[in-house]
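# Structural characterization, general
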Amino acid sequence: MNARDATMGEAHSKDGLFYRDTRYLSRLSLSINGTGLIELGHDTRDDDAGFRSDLANLRLVDSLGTDFLDFELHVRRERVLFDGLFDGLFDRVEITNFGTRMAELDLVIECRADFRDIFEVRGADPWDRGSTLPPEFDGGTLRFGYETADGRRLTTRVTLDPAPRFDRGRAHIGLSLPPKARQEILCTVQIDERPVARADPDEGVHADHGAPAPRQATPTFDEAIRTVAARMQSRIDRTARIRTSRPSFDAWLTRSSADLAILTADLPTGPYIHAGVPWFSVPFGRDGLITALQTLWLDAELAGGVLDFLAATQARTFDAFCDAEPGKILHEHRNGELARTGAVPFHHYYGGIDQTLLFVVLAHAHWTRTGDRDRLQRLLPAIRATLVWAAEYGDRDGDGLIEYARSAETGLRNQGWKVSDDAVFHADGALCASPVALVEVQGHYAAALRRLADALVDRVDAAFWDDDPGPYCIALDAEHVPVRVSTSNAGHLPCFGAALPQRLDRLPELWCGLPRRETAQPVAFPSAWAPQAWAAGAPFLCLQACLGIEIDGPARQIRITDPVLPADIDWLDVTDLRVGDCCARLRFRRKEGRRAELEILAADPALDIRLETARGSP
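Right, let's get into the overall build of the chain. Helices and strands together make up the secondary structure of the chain, namely twelve helices and 30 strands. The C-alpha radius of gyration of the chain comes to 27 Å, within 12% of the 25 Å expected for a compact globule of 618 residues. With the principal axes as the frame, the chain shows a C-alpha extent of 85 × 60 × 50 Å. Going through the 618 residues of the chain one by one, you find that 52% of them count as buried. As presented, the chain carries roughly 28000 Å² of accessible surface, and 51% of it is formed by carbon and sulfur atoms.

Reading across from one edge, β17-β27-β28-β29 is the order of the four strands in this open sheet, with antiparallel pairing throughout. Both outer strands of the open sheet, β17 (242–244) and β29 (596–603), are each paired with one neighbouring strand and no more. If you compare each strand with its neighbour and ignore which way they point, the axes differ by 20° on average. By the bridge criterion, three bridges tie β17 to strand β27 (residues 571–579) in an arrangement that is antiparallel. Bridge pairing in β27 places Thr244 opposite Leu572.

A few words on the packing of aromatic side chains. Each aromatic ring pair is summarised here by two numbers: the centre-to-centre distance and the angle between the ring planes. Applying the stated criterion across every chain, the model contains 17 aromatic pairs. For the pair Phe82 and Phe86, a centre-to-centre distance of 5.3 Å together with 40° between the ring planes defines the contact as tilted. An identical accessibility class is assigned to Phe82 and Phe86; each is buried. Seen in terms of ring centroids, Trp417 and Trp534 are 6.5 Å apart; in terms of plane orientation they differ by 80°. Their pairing is edge-to-face. Of the two residues, Trp417 sits in the loop between α8 (373–394) and β22 (437–438) while Trp534 sits in helix α12 (residues 533–547), which places them 117 residues apart along the sequence. Assessed through its relative accessible area of 33%, Trp417 is described here as partly exposed. Here a set of aromatic residues connected by ring pairs shows up, and it is made of Tyr19, Tyr24, Phe115 and Tyr146. Over the face of the ring belonging to Phe68 we find Arg101, whose NZ or CZ atom lies 5.1 Å from the ring centre. When the ring centre of Trp465 is taken as reference, the NZ or CZ atom of Arg503 above it lies at 4.2 Å.

Attention shifts here to the pattern of salt bridges. On inspection of all chains with the given rule, the structure shows 46 salt bridges. Two residues, Arg238 and Glu301, come together in a salt bridge whose shortest N-O distance is 3.6 Å. Of this pair, Arg238 sits in the loop between α2 (221–236) and β17 while Glu301 sits in helix α5 (residues 300–312), and the two are 63 residues apart along the sequence. You can call Arg238 buried: its relative accessible area is 14%. Note that Arg610 and Asp608 form a salt bridge whose closest N and O atoms lie 2.8 Å from each other.

Now for the side chain of Arg23. With respect to the helices and strands, Arg23 occurs in strand β2 (residues 22–25). With residues near it in sequence (within four places) discarded, Arg23 still touches Ser13, Lys14, Asp15, Gly16, Leu17, Phe18, Asp114, Phe115, Arg116 and Val121.

With that out of the way, let us pick up α2. Taking 1.5 Å of rise per residue, the 16 residues of α2 would be expected to cover 22 Å, and the 22 Å separating its terminal C-alpha atoms lies within 8% of that figure. Among the residues of α2, Phe221, Ala224, Ile225, Val228, Ala229, Met232, Arg235 and Ile236 are the ones counted as buried. Taken down its axis, α2 places every buried residue within 125° of arc, on the same side. At its buried positions, α2 is contacted by β8 (73–82), β9 (87–97), β16 (182–195), α3 (247–263) and β18 (264–267).

Turning next to the confidence of the model for the chain. The predicted model of the chain averages 90 in pLDDT, with 91% of residues at 70 or higher. Low pLDDT, under 50, characterises residues 201–214; the predicted model gives this stretch 38 contacts beyond four residues in sequence or across chains. Predicted confidence is poor over residues 507–511, with pLDDT under 50, and the contacts of this stretch with residues over four places away or in other chains come to 13 contacts.

Here the focus is the packing of helix α4 (residues 285–295) against α5. Running from N to C, α4 and α5 point in directions that differ by 155°, and their axes come no closer than 9 Å. With respect to α5, the axis of α4 lies roughly antiparallel. The element α4 and its partner α5 pack so that their crossing is left-handed. Across the interface between the two elements, Gly285, Gly288, Leu289, Ala292 and Thr295 from α4 touch Leu302, Ala303, Val306 and Leu310 from α5.

This part is about the packing of helix α7 (residues 355–370) against α8. Running from N to C, α7 and α8 cross one another at 155°; their axes reach a closest spacing of 9 Å. Viewed along their axes, α7 and α8 adopt a mutual orientation that is roughly antiparallel. Considering only the axes of α7 and α8, their crossing is left-handed. Here α7 contributes Thr356, Leu357, Phe359, Val360, Ala363, His366 and Trp367 to the contact with α8, which in turn contributes Arg373, Arg375, Leu376, Leu379, Ala382, Ile383, Thr386, Leu387, Trp389 and Ala390. Residue classes in the contact of α7 with α8 are distributed as twelve nonpolar, three polar and two charged.

Across the sheet, eight strands lie side by side as β4-β5-β8-β9-β16-β13-β12-β11; this open sheet has antiparallel pairing. Two strands close off the open sheet at either side, each with one partner strand: β4 (37–44) and β11 (131–138). Ignoring which end each strand starts from, the neighbouring axes of this sheet average 15° apart. Its contacts with the sheet place α2 against β8, β9 and β16, and it is angled at close to 50° to β8.

Rules used throughout
- Residues numbered from 1 in each chain as written.
- Predicted model: local features only at pLDDT ≥ 70, side-chain atom pairs only at ≥ 80, totals over all residues.
- Heavy atoms only, no water.
- Helix = DSSP H or I, 4+ residues; strand = E, 2+ residues; numbered from the N terminus.
- Rg over C-alpha atoms; globule rule 2.2 N^0.38 Å.
- Buried < 20%, exposed > 50% of the residue type's maximum accessible area, 1.4 Å probe, protein only.
- Areas by Shrake-Rupley, 256 points an atom, 1.4 Å probe, with all protein chains shown as cover.
- Pairing = 2+ DSSP bridges.
- Axes fitted to C-alpha atoms, helices over the stretch in contact; angles between N-to-C directions.
- Phe/Tyr/Trp six-rings, centres within 6.5 Å; stacked < 30°, edge-to-face > 60°.
- Lys NZ or Arg CZ within 6 Å of the ring centre and 35° of its normal.
- Salt bridge = Lys/Arg side-chain N within 4 Å of Asp/Glu carboxyl O.
- Contact = heavy atoms within 4.5 Å.
- Expected span 1.5 Å × (residues − 1).
- Arc of directions from axis to C-beta.
- pLDDT = per-residue confidence, 0-100.
- Parallel < 35°, antiparallel > 145°, perpendicular 65-115°, else oblique.
- Left-handed = near helix turned anticlockwise from the far one by under 90°.
- Nonpolar A, V, L, I, M, F, W, Y, C, P; charged D, E, K, R; others polar.

Take a look at the structure:
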């Protein structure tokens, strides 16, 4: 995280270079002869492999006393995060003298590393930290170190080329720039975590995601850019299989594919989509499962990785501190010092009510999409354990509904997707007492039970439907009193087949506290994540619904029911749609209204593609 001018770490800033929930670099600032810089513009590279910022000088006096006016010196900074041969970042600074006189410059780079836990950065109360090691200077390298309370040594190495002169922690680089000359400075930041003695010999997949890889020779900046760009492109290609007649629509889909690529981590169990930037770049059960469902028709590999990781981290014992119960699926996994030492419960935290049931839903959907029998056999013990959890622990009072209540005061009070303490309240503003049965979770339960769900759907309708204020209540409280507040939560019911047909014309899209007005853009939510996983996945789920595409992997079949095209789209191509070892290229072309006709551009002979009409369709 950095400012638009690429600076990290102004006073009380939350910027920095974060790795495994720890801030390894808290300050990285640039000045020229004691003056700051003017930001001209910033963007990401076209391949989304890095960040760029264009800057100019404020009025300054150089080292020989020459007066330079604003904008005579141009500075371009290019920054790329890197992991693999080492973990860290490259920051390339290119300075050009557009003035008419020789410039003798003192370029100063200031670096700091506070090694604060991400919960501290976000405002958690102070705690007993480990030991900060004194900085070390060696040639062109500045080294920071920290030993954690649980016996791990963290290191940040900042290497500058050309080598600087260090003075009171600041790196000074002298530059002589004739008119129209350009010079490059490369800043390489390498971070490392090495346990003094492994604290948990059984951590395995639980805590080793993103763990340090074997160290090799440091790549050049251009090599790093090529490596990151290639990795990004391979991830983008998983969902970038759609092209339309409207370039702005294609740009939206491309942005969504790139956001998914940015959030995807390659774990030992396979790809996993992290929840969101900046504070939730870690595995979350709910977010990973929902995003995998949204993109499953295009990218089954992501869903497989999500399922394998969550099966490997499934709770097997009781632990009130982290809300663990046998069979429960992971809610959140953190690797920072506060989580590892138990100051917060989020090292392996299970305090969510929906991810356990969604695990079963995704497992079935993945089998239907792929016919991957080997993975299904591996997942069966985890699936059975989740259903046992639902019956024995999820249904706390035996009424057939799933409820939540935290097991310890350190856990989350509300455990649906709205987790703030005041997220679930009655119409008079009174907070809802636990245990709480959320309406959308009953939809997840119905989808997990499948053929056994008819009675539950009727039970949910009787308990949650409310003509006034309508349509569904958000929840039932501890006394089974309906929480008569209208929210978008109930939108999960038709999505998961848990709403009676006569209720489908009353479901809301969204309610919020501000009226809709004619403005240039929606008002931004201050703490919104950007990018965020299921926001990036939503366009692909919407398109699947529009096109009516269902894939039956075991039967090698694609069924398309009553396809329609979004507004202002004349045609839409789906390329390289894979079903097992077969693939197809499909074109949807507008007919009357938004209805679309299907053209099969190419398909393997073994693939069965069917165009169907839903019952009741005109």
